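Overview (structure and organization)
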Amino acid sequence: MTYHIDDETVSLDDLRQRIERTDLVPSRLSLLDGINTKLDVLKQHGINTIAILRKELKTSKRLEALSIATGFDTQYLILLRREIESYFPKPPALKAFDWLPGEEIAKLEENGIRNAEALYESASSIESRTELAESTGVDIATLATLIRLADLTRVQWVSPTTARMLIEAGCDSASKLAEANPEELCNALVGVNEGDRFFKGKIGLRDIKRLVWSAGFVPS
């Protein structure tokens, strides 16, 4: 199972639907301006998947060339790039899960598994997990916890700390997060963070709804 979505299979129509149905943060609301026309223009230039679009937006030089070819403002393309790249969260290093035994994480690192993506793709099934535990000597319970954390960090906006909180709130996988009741989950997370245990500040229902929505796009 892959850590990220397969950008080769996501069409521009899929992208449009996701952007239109997402509760965008205020700084990205302008993405909706003429989105149908803009994506149609991109299709006319042979850009049919977000894999191709990511490639064309990857560097400043390519982005500028696309701006000239399509007539789109560069700031719009930069914003579009930010939105799309947020669908591909950077996998955290295993050492970011620093509340778990460091010696167990070191065993994985010594075997070339240094981040959440490498771990998830190496041991997402029970069979591969058992095999990895036997080959590295890592504690099976710690490994199982790391895999659950890695799974959750596949979701847009889920940091290692957020993943920890979600597990303590009873939501220990991306698939469970996708099916969660936002109101119930929000209340559970408020309880987990009682006394500012993890961070100071309010846990907002709107943000939890965004997490649940985003989790629905994670491959399962």
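Below you will find a few notes about this structure. From a predicted model like this one, the values you see are computed outputs, not experimental measurements.

Quick notes on the nonpolar core
- Core analysis: the biggest nonpolar cluster contains 36 residues, and Leu108, Leu119, Leu177 and Leu185 have the highest contact counts within it.
- Of all the secondary-structure elements, those providing two or more residues to this core are helix 6 (102–110), helix 7 (116–123), helix 8 (126–136), helix 9 (140–152), helix 10 (160–168), helix 11 (174–179), helix 12 (182–192) and helix 13 (205–215).
- For this core, the element with the most residues is helix 9, which contributes five residues.
- Those residues in contact with Leu119, other than ones at most four positions away along the chain, are Leu94, Leu108, Ile113, Leu132, Leu143, Leu146 and Ile147.
- Formed by 26 residues, the second largest nonpolar core is a distinct cluster that contains Leu24, Val41, Phe72 and Tyr87.

Topic: helix 10
- Within the span of helix 10, buried status applies to Pro160, Ala163, Met165 and Leu166.
- At the exit of helix 10 stands Gly170, carrying a positive phi of roughly 95 degrees.

Some details on the pattern of salt bridges
- Taken as a whole and assessed by the stated rule, the structure comprises 15 salt bridges.
- Asp172 is paired through a salt bridge with Lys176; the nearest N and O atoms lie 3.0 Å apart.
- Ionic contacts of the salt-bridge type, sharing partners, join the residues Asp23, Arg206, Asp207 and Arg210 into one network.

Some remarks on the packing of helix 7 against helix 9
- Where helix 7 meets helix 9, the axes come as close as 9 Å, and the angle between the chain directions of the two elements is 115 degrees. The orientation of helix 7 with respect to helix 9, classified from their angle, is roughly perpendicular. Crossing hand, helix 7 versus helix 9: left-handed. Along its contact with helix 7, which presents Ala116, Leu119, Tyr120 and Ala123, the element helix 9 presents Leu143, Leu146, Ile147, Ala150 and Asp151.
- Split into classes, the residues belonging to the contact of helix 7 with helix 9 amount to eight nonpolar, no polar and one charged.

Observations concerning the side chain of Arg28
- Positionally, Arg28 belongs in the loop between helix 1 (12–21) and helix 2 (35–44).
- Excluding residues within four positions of it along the chain, Arg28 makes contact with Leu79, Arg82, Glu83 and Ser86.

Section: the state of the cysteines
- Evaluated as defined, the whole model comprises zero disulfides.
- The thiol of Cys171 is unpaired, and the distance to the nearest cysteine sulfur, on Cys186, comes to 13 Å.

What counts as what
- Residues numbered from 1 in each chain as written.
- Predicted model: local features only at pLDDT ≥ 70, side-chain atom pairs only at ≥ 80, totals over all residues.
- Heavy atoms only, no water.
- Core = buried A, V, L, I, M, F, W, Y, C linked by side-chain atoms within 4.5 Å.
- Buried < 20%, exposed > 50% of the residue type's maximum accessible area, 1.4 Å probe, protein only.
- Helix = DSSP H or I, 4+ residues; strand = E, 2+ residues; numbered from the N terminus.
- Contact = heavy atoms within 4.5 Å.
- Salt bridge = Lys/Arg side-chain N within 4 Å of Asp/Glu carboxyl O.
- Axes fitted to C-alpha atoms, helices over the stretch in contact; angles between N-to-C directions.
- Parallel < 35°, antiparallel > 145°, perpendicular 65-115°, else oblique.
- Left-handed = near helix turned anticlockwise from the far one by under 90°.
- Nonpolar A, V, L, I, M, F, W, Y, C, P; charged D, E, K, R; others polar.
- Disulfide = S-S within 2.5 Å.

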